[in-house]
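# Architecture and fold: a report
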Amino acid sequence: MNHRRNTSRRPRGSRSETRGRRAKRAAQALAAGAAIAAGTQAYADPYRYNNPPAGQPGHFDWPVDGGVGSWLDITLHPGSQPGQAGGPASFEQWVYPGGGGYGAVAGIAGVTSLQVTGAMLRPTDSGELVPDGSSFSDLGYSVLYGDSLLPEGLPTYLGLRFNGPEWHYGWIGVYRIGLELEAFAWAYESDPGMALDAGGLYPEPPTPEPGTLSMLALGAVAVAARRQQRAGL
């Protein structure tokens, strides 16, 4: 199924018509974000957040050490990230430096998952569609005992999906620095089942942010899922 959008130009209407369309579009986007969090079907567009560089105001620092996980919710602005147990569109990164060391990113079983090749996170190039036919897993290793599919120090993208309750697709733009991943941007498609381009220059969603309506109860589920996964390592 071809998910690419029709980019042909449409005739422009009057200014009042244009304002009306913009107002309607904003209202639909707000309703779509609320519907994703509330668990109903929604139709809207892809949205993107850019993470300010490290050291600048509003930067969200995702990398962590010592096995203490940090959460990134792809429906939230960098300055609004809780950094702890996530909602229905959250992904956790943790690093174990001992025993050769490895880094991993995980979602919530049955709710969020990442594109992988085997057990390893699959790098997705800018402009590639997400999804691209790769397998999805709620756990993927960025580095496993020295090996990684992700280039070090170069931008790449992690394709992902979350269930709201239908599958929505998105990505996280990352740099791998040793065992850790630094996130420079993230995006999601609010239309269920619709693909989006990795690295696409999409707008930020209108306020209030869809992520603020996340199902907070899933935080407890996330913590339990992480503990179970680590116990099996």
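This structure is a prediction, so every number in the text was calculated from the model and none was measured. (Residues numbered from 1 in each chain as written. Predicted model: local features only at pLDDT ≥ 70, side-chain atom pairs only at ≥ 80, totals over all residues. Heavy atoms only, no water.)

### A word on the overall build of the protein chain
Quick note on the threshold: Where helices and strands are cited, they refer to DSSP runs of H or I of at least four residues and of E of at least two residues respectively, numbered from the N terminus. Working definition: with a 1.4 Å probe on protein chains only, accessible area under 20% of the residue-type maximum means buried, over 50% means exposed, and in between means partly exposed. Residues are treated as being in contact if the distance between any of their heavy atoms lies within 4.5 Å. To be clear on the numbers: accessible area is Shrake-Rupley with a 1.4 Å probe, and residue cover counts the displayed protein chains and nothing else.
From N to C terminus, the protein chain includes two helices and 14 strands. Counting only residues that meet the buried cut, the protein chain has 48% of its 233 residues in that class. Partitioning the contacts of the protein chain with sequence separation of at least 6, the portion at a separation of at least 24 is 64%. In the form shown here, the protein chain has an accessible surface area of approximately 11300 Å², with 53% of it arising from carbon and sulfur atoms.

### Section: unusual backbone geometry
Cis geometry is adopted by the peptide bond preceding proline 131, which originates at valine 130 and carries an omega value of 5 degrees. Within the secondary structure, proline 131 is located in the loop between β8 (129-130) and β9 (135-137). The omega angle of the peptide bond from glycine 164 to proline 165 is -5 degrees, so this bond is cis rather than trans. Inspection of the secondary structure assignment puts proline 165 in the loop between β11 (156-163) and β12 (167-177). We note that tyrosine 145 has phi near 55 degrees; this positive angle belongs to a residue other than glycine. In this fold, tyrosine 145 is placed in the loop between β10 (139-144) and β11.

### Overview of the environment of proline 192
Within the fold, proline 192 resides in the loop between β13 (180-189) and β14 (196-197). With relative accessibility at 13%, the residue proline 192 sits in the buried group. Spatially, the C-alpha atom of proline 192 lies 7.6 Å from that of tyrosine 169, the residues being 23 residues apart in sequence.

### Observations concerning the nonpolar core
Cut-off, in case you're wondering: To qualify as a nonpolar core, a set must consist of buried Ala, Val, Leu, Ile, Met, Phe, Trp, Tyr and Cys residues joined through side-chain atoms within 4.5 Å.
Grouped together as the largest cluster of nonpolar side chains are 22 residues, with contacts concentrated most on Trp62, Ile74, Leu121, Ile172, Leu181 and Trp186. Taken together, the elements giving at least two residues each to this core come down to β1 (46-50), β5 (112-117), β11, β12 and β13. Of all the elements, β13 adds the most residues to this core, at four residues. The next biggest cluster of nonpolar side chains, apart from the first, holds 10 residues, and it includes Val130, Tyr157, Phe184 and Leu196.

### Some points on the pairing of β1
Which entries qualify depends on this criterion: The pairing criterion for strands is at least two bridges between them, as found by DSSP.
Where burial is concerned, most of β1 is hidden: four out of the five residues are buried. By the bridge criterion, five bridges tie β1 to β13 in an arrangement that is antiparallel. Each bridged residue has a counterpart across the sheet, and for asparagine 50 the counterpart in β13 is alanine 185.

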